[in-house]
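Fold and geometry: a report
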Amino acid sequence: MDVLKDFKEKAASNLQTIIFAEGDDERIIRAAAEVEAEKIAKIIILAEAESIQKQAEEYGVDLSGIEIINPEKSEYIAEFTDEFYELRKHKGIAKEEAEKIVKDPLYFATMMIYTNKADGMVAGAANATGNVLRPAFQIVKTAEGISTVSSAIIMVLKDKSFGEDGVLVVSDCAVNPAPNSDQLAEIAITTADTTKRLLGFEPRVAMLSFSTMGSAKHENVDNVRNAVGIAHKNAPHLKIDGEMQADAALVESVGSRKAPGSEIAGKANVLIFPDLQSGNIGYKLVQRLAGADAVGPILQGLAAPINDLSRGCSVDDVVNLTAITAVQAQN
Ligand SMILES: CC(C)(COP(=O)(O)OP(=O)(O)OC[C@H]1O[C@@H](n2cnc3c(N)ncnc32)[C@H](O)[C@@H]1OP(=O)(O)O)[C@@H](O)C(=O)NCCC(=O)NCCS
Ligand SMILES: CC(=O)OP(=O)(O)O
């Protein structure tokens, strides 16, 4: 299974328009040229035309075929101001403030999605996650039936004995700092759905903790245990189990000792972290120490495909996340 190659091929089979909001970042410029050259998606990039062309020349990359829009001077500003004002006037926003906000590249790009001028968006190489999330929450909002937006990361490991032939989906590593049991259950169910949709394999979801099946007592453990109960009630068809430690989730011999009888222990291919501290730290440790590819964060539960990057991303990370965003946009 070469999931990253598969995403690129699927994206190329039905080209979507993806907008990059951070046109002054070298990795974004290089990735835009690569995505266009490999015909993974059609790219719109937000930048000042002269300045980005100068940068592209300096890097020796070709941006021909890529649409460049300067939000400050765009013909869409009046339309976006009116639309954004309508969306946010209940929060007491003034028209002048709305105009200033939609010129911000992250808001402008999100308005491009909202008004169907682009199919998906990738940002976060130069901006912290919260700055990418806020316009998404305010403008495109949540998909039907979703109350908590979260994120999934596809981890492609060197060791194929873990997860699904070396692929693990982990969540939530980017959005919810301290999810309660209801939110944790929703994160687990949504991540199982993302796994099935994007990767096609049957999710086996482990709800992680520092305790396995009652081995430790603490309110944080209770939060995870309650989430497992809620997830079972709300999605009885899904294979979800816990609470369990990471070794019990991933290693058969440990899983059978700590959680005998569990159909997930030792076989998990989806890991749900109990909170954002463990999730964000956990995925970065595996990425950096085990040399895994970490694609995402892929936002789940938004009404449109808008995805975040880590500021530590490489050009390859941007290209891979763009392919996934394009595949999401096809659905
Ligand atoms: C997501 C985040 C930016 C929102 O926090 P905030 O700026 O304090 O915003 P608020 O809580 O006031 O919410 C802003 C809006 O987003 C909505 N919202 C917040 N979290 C949400 C979630 N998880 N799902 C859906 N909607 C959400 C709120 O309902 C609100 O909507 P409204 O403005 O229409 O009323 C914040 O939770 C955050 O910073 N998360 C951590 C991001 C991060 O640093 N990750 C680590 C690196 S990847
Ligand atoms: C996902 C993430 O951790 O993003 P950043 O590195 O930009 O904070």
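Residues numbered from 1 in each chain as written. Chains lettered and ligands numbered in written order. Predicted model: local features only at pLDDT ≥ 70, side-chain atom pairs only at ≥ 80, totals over all residues. Heavy atoms only, no water.

The name an unreviewed UniProt entry assigns to the protein is Phosphate acetyltransferase, from the organism Halanaerobium congolense. Quoted straight from UniProt, the Catalytic activity (unreviewed entry) entry for the protein says "acetyl-CoA + phosphate = acetyl phosphate + CoA". (UniProt positions renumbered as here; feature names shortened; annotations may be inferred.)

1. Quick look at the site of ligand 2
Every residue near ligand 2 is listed here: Thr129, Asn280, Tyr283, Lys284, Pro297, Ser310 and Arg311. In the environment of ligand 2, an oxygen atom lies 2.6 Å from a nitrogen or oxygen atom belonging to the side chain of Lys284. Within the side chain of Arg311, a nitrogen or oxygen atom sits 2.7 Å from an oxygen atom of ligand 2. In isolation ligand 2 has 260 Å² of accessible area, and contact with the protein removes 88% of it. Looking at the shell around ligand 2, the element that brings in the most residues is helix H12 (residues 276-289), giving three residues. Residues belonging to the shell around ligand 2 are distributed by class as follows: two nonpolar, three polar and two charged. (Near = heavy atom within 4 Å. Polar contact = N/O pair within 3.5 Å; in protein donor to acceptor, adjacent residues only side chain to side chain. Areas by Shrake-Rupley, 256 points an atom, 1.4 Å probe, with all protein chains shown as cover. Helix = DSSP H or I, 4+ residues; strand = E, 2+ residues; numbered from the N terminus. Nonpolar A, V, L, I, M, F, W, Y, C, P; charged D, E, K, R; others polar.)

2. Some words on the pattern of salt bridges
Across all of its chains, the model carries 12 salt bridges by this definition. The partner of Glu79 in a salt bridge is Lys117, and the shortest N-O contact between them spans 2.9 Å. One end of the pair, Glu79, is in helix H4 (residues 77-88); the other, Lys117, is in the loop between helix H6 (105-114) and strand S4 (120-123), and 38 residues separate them in sequence. With a relative accessible area of 32%, Glu79 lands in the partly exposed category. (Salt bridge = Lys/Arg side-chain N within 4 Å of Asp/Glu carboxyl O. Buried < 20%, exposed > 50% of the residue type's maximum accessible area, 1.4 Å probe, protein only.)

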